[in-house]
Structures are given as structure tokens and as C-alpha cells.
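Close look at the chain arrangement
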Amino acid sequence: MARWKRSFSAGASLALVVAAATGWTAHARFAQADNVADLVAQTGDLDASLAQVLHGAPFAMPVPSLPNIVPRVYDITEYGAKPGIGQVNTEAIQAAIDAASQHGGGIVDIPPGYWITGPIVLKSHVDLNVESGAQLQFSGDHDLYPLVPSGSSYTVQSPISATDAVDVAITGHGVIDGAGNTWRPVEKSKLSADQWNALVASGGVVTPDGSTWWPTAQGANAQAYIKAHPNMTYLDYLQVKDYLRPYMVYFQGCQGVWLQGVTFENSPFATVKVNTSKDVVIDDVNIRNPWYGQNTDGIDVSADDKVVLYRDVIDTGDDGIALESSGNDAAGVFNEQDVVVADCIVHNGHSGFAVGSYTDGGIRDVWVTGDVYDGTESGLRFKSGVGKGGLVEDIYMDHIVMRDISGAAITFDDGYVDNGADTSSLQAPGPNSYVPQFENMTISNVSCEYAGQSIYMNGLPNAPISNIALNDVSITANKPPQIQNTSNLVEHQVQIQSGVTMLGEIPH
């Protein structure tokens, strides 16, 4: 059962929470008082732990507010949901969510069992609680996933989404499976010959050049179709729907978001995407995707304010934790700020912690501390390019342990995106220049047992990477540092040993 109180204040009164529970319906029940008291106590423990962590932030980090959820339980079985294969429970689960939101909020409970569903939409003041022993299995039937507008185009509705909602949560210790294997392509280059042959034998379609497997012909042929239809209509997007893989969990424009304890696995695309939202806490979450899973970022934080990622464990096929920011690129404006990543573990992904490639909306005041990156392609990774870039400053990274990094332990790359721009003719960075600027960062107390390369820094001649401080950094690597177009790189007690290989490790 979820852990609830009104805010991060450890002194919140249980009476205040229970007094807010109004609007009794035939399909709702109150959690027993002793359970609620226990939940509030557990939440107080989290509050105290986070308060201690945030107190040590190198900038004035505002404390996010947890969602205000009434302790009234809406059991999906009372709305007609049935466990087992062959039963699709989309309508029942959505009915429970809608009822909870309409009556002031509550906990929509997914009890132990195997529950198949299509996409569902979270509403304000609702916690989707997936109990231990429960698996919420999203269907592989793509007909259940409608196209939804996305700017001037369309995309596929996410398995779980919320837009402009207030106080929303996903909690519990169950499993949520996104049926990503029915959506994702697989690149031949990432597999052994035996693995590739087994994958092709399972069905699906290989692209004409033989490089990529897709679960469906629509996905495999989509790029050719899009190229032949430069002015795509809604009907055209329907013809390439399988190519438009959805985020597994997508929050857009929300305030008060809490993810806690749940395991998210088998995502079609990026697993958890939080966009233009405020007061976000993702705590003790597990994310599991295949290491070959294309574009399966663990947690993407994009143009958000007041975000804490705490004690999460991520094993995935792309960036583990990634920050992006798009927007107006105006001087003095930072669409992404006040972000803390603490005590997280990342396995196998393209990076442990990444910034970019979109940074044109500005990013500042980020603290990454106490993380472990084990077997990722890069460790700390800053990437952008002309046309996507903006100002990224005041980033602090400390007490990070890395091991078996196949690429560079520390990467700054202003040439990540090759869009044909002639960087030599660009003017100095400024508003609307879309030139990446990485500056004013501190990397302290970082160790890496092995990396393919220790440090890679690739700035631009007119916008060098600047004011980077390395303190108490120890790295063993195969290749030595490669640094260009960088100014004021300050090193204190930096130890780098080059020419080292890792016996028996096979990078992927």
C-alpha cells in the first residue's frame, strides 16, 4: 500500500489527511486507520531522509511537495477488472481512476495477480498503487493505442500518461510491463550471430538493408513511407504507427508527481518521461530493459523544476538518467533547474548520468551525488550540438563510483549532433544562437575502476567548454584524456592511469 501525507513536512497530521476524505461512493473504501497511520509514519521516514540529503545541496534546493492523496481505496475488481490471460481491463481500471479523481482523489489499487490493460490516463489526486505480487501488463495489441496530437504531428498514446494533472502518483512494489518487445527495433550489430538468427526466426521483419529487425512490417517500412510523404496527415501517421513508439510513462505539465517502489520493465521507448512539470519525486524505483533495447532511456527529465531522483536502480539500453531542456533559449531563462539525483545505480545503459542533447532551454542548479554506474557506455555524459544547444551551468557531481565503462568516464561533446552547420562561421553564443555552452561545473570525489577512455572534452572554437573543476578524481582507462576547445580546466588531486585493459569484459 502507498505511503501518504500532505507534504514533505514530517509533522503532517493524520487527522488532516483523514478529514480530507469526503465523497464516499459505493465502489470506494477507506484504508483501515492502523494501516494509514503506518503509511504516514513510513512517509515521515522518507521525508527525514530526503531532508537530510537536500540539506547538503551546493545550492538552495527547494523541497518538492509530495502529492496530497486521500486514503480512500478504489479496488479495480469492484469496477469489473479480472486477472488472467485474455481479459483486457482498460475500461475497468480507467473507470476506477476517473471515479477516484471525480470524488476528490484516492488510491486506485491493483491487487496481486496478472492484469492486462490498454493505455490508461492518470487524473489529479490519484495514486495508482501496484501491490507486491501484481503485474500490470500492457497489451501488445497496438490497435488499443490511439494516435494523439503532438504539436503539428501525432504520436502514440503512452501506456500510462497524465497531462496538466495535480498530485499524481504510481506506488507499490509490483511490476508494470510496457510490452516493449512488440514495438522496439533491434540492431543486428548489437547481437551475436546466434542471437540474431533466433530473433529473426521468432517472426517480425528485417529492413531491406538487413541491419535492423522490427516486430512488424509497418515499423520496418516506416522510414521509406515517411520519405515518400513529406506532408504527413493523420491518415499517413496511421500507416507508420508502429514506428512511433510511445514513452512508457509520460507526465506533461503536471505538479506534484511521485513514483515510488514500482518496477517498470520492457518499455517501448524511453521508460519514464517527465516534461514541463514541477515538484517531482522518483524514489526507490526499479527500471529494467534489455541492454540492446533501442532508445529505452531510464528516466528523462525535460524542462522541469524541483525534481528529486533518489535511490533508483536502472538497467537499460540507452541513457540511464538524462536531463534535457528545450524552449526559448532566452538570456537568463532556465527551463530546467533545481534537480537532485542521489544514491542511484545505473547498469548497462549508454550513460549513467547524461545532459542533452537538447539544451537550448537552459539547465542550471543540478546536483548528482552518491551514484554508482556499473557497465555503462559512458559515465558522466554532456552532449549537445549546434542547433540544439544552450547554456548549461552550475552542475555539481560528487561521490560517484564507476566501473567497467566501455567509453569515456567523463564526456563533454559539443559535436554530438551533426546537422551540417558550419561551426567556424558562427557568431558568439547568445539568445537564439542554439550553440551549446557547458560551463561552471564541479566534479569531485569520483572514481572509475576502468574505462575505455578517461576523459573526452570536445568544445567549439567559439564556445569552449569552460570553468570545469576536477577534484579528487581517480580513473584507470585504456585511452588517455582527449581535450580540445576547453578553457580554465582546473585539476586538483587528479590521478589518471592510461593503457589499462579489463580482462574478460566484453563491451556492448
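Our subject in this report is the structure included herewith. (Residues numbered from 1 in each chain as written. Predicted model: local features only at pLDDT ≥ 70, side-chain atom pairs only at ≥ 80, totals over all residues. Heavy atoms only, no water.)

Before going further, it helps to spend a moment on the side chain of Asn129. Looking at the element boundaries, Asn129 is found in strand S6 (residues 126-130). Here the side chain of Asn129 touches Asp109 through a polar contact of 3.0 Å, side chain to side chain. (Helix = DSSP H or I, 4+ residues; strand = E, 2+ residues; numbered from the N terminus. Polar contact = N/O pair within 3.5 Å; in protein donor to acceptor, adjacent residues only side chain to side chain.)

For strand S11 (residues 166-172), the tally of buried residues reaches six of seven residues, placing the bulk of the element in the interior. With five bridges connecting them, S6 and S11 associate as parallel partners. Its bridge partner lying in S11, Leu128 is registered against Ile170. Bridge analysis of S11 against strand S17 (residues 255-260) gives five bridges, and the strand direction is parallel. Residue pairing across strands places Thr171 opposite Gln260, the latter belonging to S17. (Buried < 20%, exposed > 50% of the residue type's maximum accessible area, 1.4 Å probe, protein only. Pairing = 2+ DSSP bridges.)

What follows is about the pattern of salt bridges. Under the counting rule described, the total for this entry stands at eight salt bridges. Residues Arg288 and Glu265 are paired through a salt bridge, measuring 2.6 Å at the closest nitrogen-oxygen approach. On the criterion of sequence distance, the pair formed by Arg288 in strand S21 (residues 286-288) and Glu265 in strand S18 (residues 263-265) is long-range, its members being 23 residues apart. Judged by its relative accessible area of 14%, Glu265 falls in the buried class. Linking Asp374 and Arg403 is a salt bridge whose minimum nitrogen-to-oxygen distance equals 3.5 Å. One end of the pair, Asp374, is in strand S30 (residues 372-374); the other, Arg403, is in strand S32 (residues 391-403), and 29 residues separate them in sequence. Given the relative accessible area of 26%, Asp374 is considered partly exposed. When its relative accessible area of 31% is taken as the criterion, Arg403 is described as partly exposed. (Salt bridge = Lys/Arg side-chain N within 4 Å of Asp/Glu carboxyl O.)

Empty space within the largest pocket amounts to approximately 470 Å³. Every residue lining the largest pocket is counted, 18 residues in all, and those nearest its centre are Ser150, Thr155, Val156, Tyr247 and Tyr250. Elements represented by at least two residues in the lining of the largest pocket include exactly strand S8 (147-150), strand S9 (153-156) and strand S10 (160-163). Here the second largest pocket defines a volume of roughly 370 Å³. Lining the second largest pocket are 19 residues; nearest its centre among them are Phe269, Asn295, Asp297, Asp300 and Glu324. The set of elements that each furnish at least two residues to the lining of the second largest pocket consists of strand S25 (319-324) and strand S31 (378-383). Here the lining of the second largest pocket takes three residues from S25, the largest share from any one element. Partitioned by chemical class, the residues of the lining of the second largest pocket number six nonpolar, four polar and nine charged. (1 Å grid on protein atoms, 1.4 Å probe; cavity = no way out; pocket = protein on both sides within 12 Å on 5 of 7 lines; lining within 4 Å. Points joined across faces, edges and corners; volume = space filled by probe spheres on them. Nonpolar A, V, L, I, M, F, W, Y, C, P; charged D, E, K, R; others polar.)

Here we come to the environment of Pro481. Mapped onto the elements of the fold, Pro481 is located in the loop between strand S35 (465-479) and strand S36 (482-484). Remark: the alpha-carbon pair of Pro481 and Gln453, spanning 28 residues in sequence, is separated by 6.7 Å. With residues up to four places along the chain from it excluded, the contact list for Pro481 reads Gln453, Ser454, Ile455, Ile496 and Ser498. (Contact = heavy atoms within 4.5 Å.)

Turning to the environment of Thr77, a few remarks are in order. Turning to its location among the elements, Thr77 is positioned in the loop between strand S2 (72-75) and helix H3 (90-102). Among the residues examined, Thr77 registers a relative accessible area of 36% and is labelled partly exposed. As for Thr77 and Pro111, which are separated by 34 residues in sequence, their C-alpha atoms are 8.5 Å apart. Other than its neighbours up to four places away in sequence, Thr77 contacts Pro111 and Trp115. Within the structure, Thr77 has its side chain in polar contact with the side chain of Asp75 (distance 2.8 Å).

What follows deals with the environment of Val281. Topologically, Val281 is positioned in strand S20 (residues 278-283). With 217 residues separating them in the primary sequence, Val281 and Pro64 have C-alpha atoms 7.2 Å apart.

Once that is clear, we can look at unusual backbone geometry. Residue Ser357 is reached from Gly356 by a cis peptide bond, and omega for that bond is 15°. Within the secondary structure layout, Ser357 lies in the loop between strand S28 (351-355) and strand S29 (363-369). Of note in the backbone geometry, Asp365 takes a positive phi value of approximately 55° without being a glycine. Relative to the helices and strands, Asp365 resides in strand S29. Unlike most non-glycine residues, Asn445 shows phi in positive territory, near 50°. By the element assignment, Asn445 lies in strand S34 (residues 437-458). By relative accessible area, Asn445 is classed as partly exposed at 35%.

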